[in-house]
Amino acid sequence: VSLLATFDPKGRLLDHRFTRSIIRVRRQLSYTAVEETYEKEEPLTRLSDLSQTLRQQRMNQGALNLSLPELEVRFNPDQTVSLEFIEQDTRARMIVAEIMILYNWLAAKFCQDHQIPVLFRTQPEPSEKLPLDEKGYLYYVFQQRRKLSPLQVQTAPAPHAGLGMPVYTHATSPIRRYLDLLTQHQLKGALSGQAPPWDEKELEEIRLYVEPVIKNVALIKRNRLRYWTLKFLSQHQGGQFAALVLDELKRKYRILLEDVLMIADLKRQNGIILSQGQKIRVRVKKADPWEDLLTLEYVKEA
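Residues numbered from 1 in each chain as written. Predicted model: local features only at pLDDT ≥ 70, side-chain atom pairs only at ≥ 80, totals over all residues. Heavy atoms only, no water.

Draft legend 1. Main features of the packing of helix H2 (residues 42–60) against helix H3 (residues 91–113). Where H2 contacts H3, the two axes come as close as 8 Å, and the packing angle between them is 60°. The pairing of H2 with H3 is recorded here as oblique in orientation. Crossing handedness for the pair H2 and H3: left-handed. Here Leu44, Leu47, Ser48, Asp49, Leu50, Ser51, Gln52, Leu54, Arg55 and Arg58 of H2 come into contact with H3, specifically with Arg91, Met94, Ile95, Ala97, Glu98, Ile99, Ile101 and Leu102. (Axes fitted to C-alpha atoms, helices over the stretch in contact; angles between N-to-C directions. Helix = DSSP H or I, 4+ residues; strand = E, 2+ residues; numbered from the N terminus. Parallel < 35°, antiparallel > 145°, perpendicular 65-115°, else oblique. Left-handed = near helix turned anticlockwise from the far one by under 90°. Contact = heavy atoms within 4.5 Å.)

Draft legend 2. Inspection of the environment of Gln154 at higher detail. Inspection of the secondary structure puts Gln154 in strand E6 (residues 152–154). Take Gln154: its relative accessible area is 22%, and that puts it in the partly exposed class. Distance in space between the C-alpha atoms of Gln154 and Glu200 is 9.9 Å, their sequence separation being 46 residues. For Gln154, the residues in contact, after removing those within four places along its chain, are Val118, Leu119, Phe120, Thr122 and Arg207. Within the structure, the side chain of Gln154 is placed 2.9 Å from the backbone oxygen of Ala156, a separation counted as a polar contact. (Buried < 20%, exposed > 50% of the residue type's maximum accessible area, 1.4 Å probe, protein only. Polar contact = N/O pair within 3.5 Å; in protein donor to acceptor, adjacent residues only side chain to side chain.)

Draft legend 3. Focus on the nonpolar core. One finds Leu233, Ile255, Leu257, Leu266, Ile280, Leu294 and Leu296 to be the most contacted residues of the largest nonpolar core, which totals 25 residues. For this core, the secondary structure elements donating two or more residues are strand E3 (70–75), strand E4 (81–86), helix H6 (200–234), strand E7 (240–248), strand E8 (252–257), strand E9 (262–267), strand E10 (279–288) and strand E11 (293–301). The greatest single-element share of this core, amounting to four residues, is contributed by E10. With residues near it in sequence (within four places) discarded, Leu266 still touches Lys252, Tyr253, Ile255, Leu274, Ile280, Val282, Leu296, Glu297 and Tyr298. By size, the runner-up hydrophobic cluster in this structure holds 22 residues, among which are Leu106, Leu163, Met165 and Val167. (Core = buried A, V, L, I, M, F, W, Y, C linked by side-chain atoms within 4.5 Å.)

Draft legend 4. Quick peek at unusual backbone geometry. A positive phi is found at Leu261, a non-glycine position, where the angle reads about 50°. In the Ramachandran plot, Asp292 falls in the positive-phi region, its phi being about 55° despite a non-glycine side chain.

Draft legend 5. Seen up close, the sheet that holds E9. On the basis of which strands lie adjacent, the open sheet formed by five strands has the order E9-E8-E7-E10-E11 and antiparallel pairing. Each edge of the open sheet is held by one strand with a lone partner, namely E9 and E11. For this sheet, the mean angle separating the axes of adjacent strands, direction not counted, is 45°. Here E7 pairs with E8 via five bridges, running antiparallel. Within E8, the residue paired with Leu244 across the bridge is Leu256. (Pairing = 2+ DSSP bridges.)

Draft legend 6. Just a nonpolar patch on the surface, in detail. Side chains of Tyr209, Val213 and Val217 sit close together on the surface and give an oily, nonpolar patch of about 310 Å² of accessible area. One can find Val213 in helix H6. With a relative accessible area of 41%, Val213 lands in the partly exposed category. (Patch = residues over 30% accessible without salt bridge, like charges linked within 9 Å, V, L, I, M, F, W, Y side chains within 5 Å. Areas by Shrake-Rupley, 256 points an atom, 1.4 Å probe, with all protein chains shown as cover. Salt bridge = Lys/Arg side-chain N within 4 Å of Asp/Glu carboxyl O.)

Draft legend 7. Representation of the packing of helix H5 (residues 178–191) against H6 in the model. Viewed as axis vectors pointing N to C, H5 and H6 meet at an angle of 155°, and their least axial separation amounts to 11 Å. In this view, H5 runs roughly antiparallel relative to H6, as classed from their interaxial angle. Facing H5, whose interface residues are Tyr178, Leu179, Leu182 and Gln186, H6 presents Leu203, Ile206, Val210 and Ile214. Of the residues assigned to the contact of H5 with H6, the class counts are seven nonpolar, one polar and no charged. (Nonpolar A, V, L, I, M, F, W, Y, C, P; charged D, E, K, R; others polar.)

Draft legend 8. Main features of the packing of aromatic side chains. Following the criterion strictly, the structure yields seven aromatic pairs and no others. With a centroid separation of 5.3 Å and 80° between ring planes, the pair formed by Phe18 and Tyr103 is classed as edge-to-face. Separated by 85 residues along the polypeptide, Phe18 in strand E2 (residues 13–19) and Tyr103 in helix H3 bring together distant segments of the chain. On the accessibility criterion, Phe18 (7% relative accessible area) is buried. The class of Tyr103 is buried, set by a relative accessible area of 10%. When the ring of Phe232 is compared with that of Phe241, the centres are 6.4 Å apart and the planes differ by 70°; the resulting orientation is edge-to-face. Of the two residues examined, Phe232 and Phe241, each falls in the buried class. Among the aromatic side chains, those forming a connected cluster through ring pairs are Phe75, Tyr227, Trp228 and Trp290. Taking NZ or CZ as reference, Arg268 lies 4.4 Å from the ring centre of Tyr253, over its face. (Phe/Tyr/Trp six-rings, centres within 6.5 Å; stacked < 30°, edge-to-face > 60°. Lys NZ or Arg CZ within 6 Å of the ring centre and 35° of its normal.)

Draft legend 9. Inspection of the environment of Gln237 at higher detail. Inspection of the secondary structure assignment puts Gln237 in the loop between H6 and E7. For Gln237, a relative accessible area of 43% corresponds to the partly exposed category. It is 16 Å that separates the C-alpha atoms of Gln237 and Arg226, two residues lying eleven residues apart in sequence. Gln237 has contacts with Val284, Lys285, Lys286 and Ala287, leaving out every residue within four places of it along the chain.

Encoded structure:
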């Protein structure tokens with residue numbers, strides 16, 4: 001199901017429609033290839049400019065930009081583990097992200113306008129919006145994320161505050177995400193002039209079954225990344241890492257290990273007083289992925 005959209009030179013949406021289509025792929029471009037060539041190829045340049053405009057429009061509508069690099073685990077021939085940051089705010093990734101968000105928003109709007117039952121992805125307003133101050137972007141992101149309201153899947157349309165969208169659904173990844181496949185089938189039914197495969201009651205039953213599975217999958221992904229991060233740190237016991245103080249608690253500090261974007265606890269030490277937002281260096285005393293154990297000690301102020 002393709003979205004055909006027309007924009008004016010300022011990035012304002014003039015017209016759009018959904019249609020069943022066959023896409024003939026003429027070139028397969030990697031993120032790296034787009035980064036290297038987007039300034040030399042007009043279609044990519046225009047897509048890049050459009051994606052920046054779309055993002056700014058969302059920000060003007062209250063969206064929050066809390067993007068962080070994605071941590072990728074790499075396995076070396078000597079059986080050690082390396083961690084690599086994949087930047088998410090490159091031009092190429094912004095194009096993919098913003099066009100995806102555009103499609104999902106317009107798909108949700110189409111279903112809402114035509115009374116097609118669909119599972120909407122919603123998020124209420126955060127409990128508080130924090131300013132980006134002198135403590136830096138990393139500190140801001142991790143503190144603001146705590147203020148976010150939980151994401152919800154429901155049959156009733158509602159805003160997605162985090163993305164700055166009045167309605168939103170998941171529809172762009174039917175090969176790898178089940179809820180996207182449901183939305184595509186609902187769209188295809190409507191575009192073919194037939195009744196959608198599922199009514200609202202049936203979608204609600206599907207939601208009740210699928211939602212805990214989605215949460216379990218997310219937990220497995222988090223635990224997997226935590227395991228390999230601890231494995232990496234276990235290879236560097238005695239090594240020093242940059243850290244950022246997030247919270248002051250009674251017996252400990254909660255810190256962020258900046259090199260691996262992992263939140264950890266640091267026991268208070270006599271005579272050492274740290275403050276929120278402070279940059280420090282810590283030493284890995286012990287790390288055990290099997291026991292899910294990480295022991296750190298303060299070294300010095302960064």
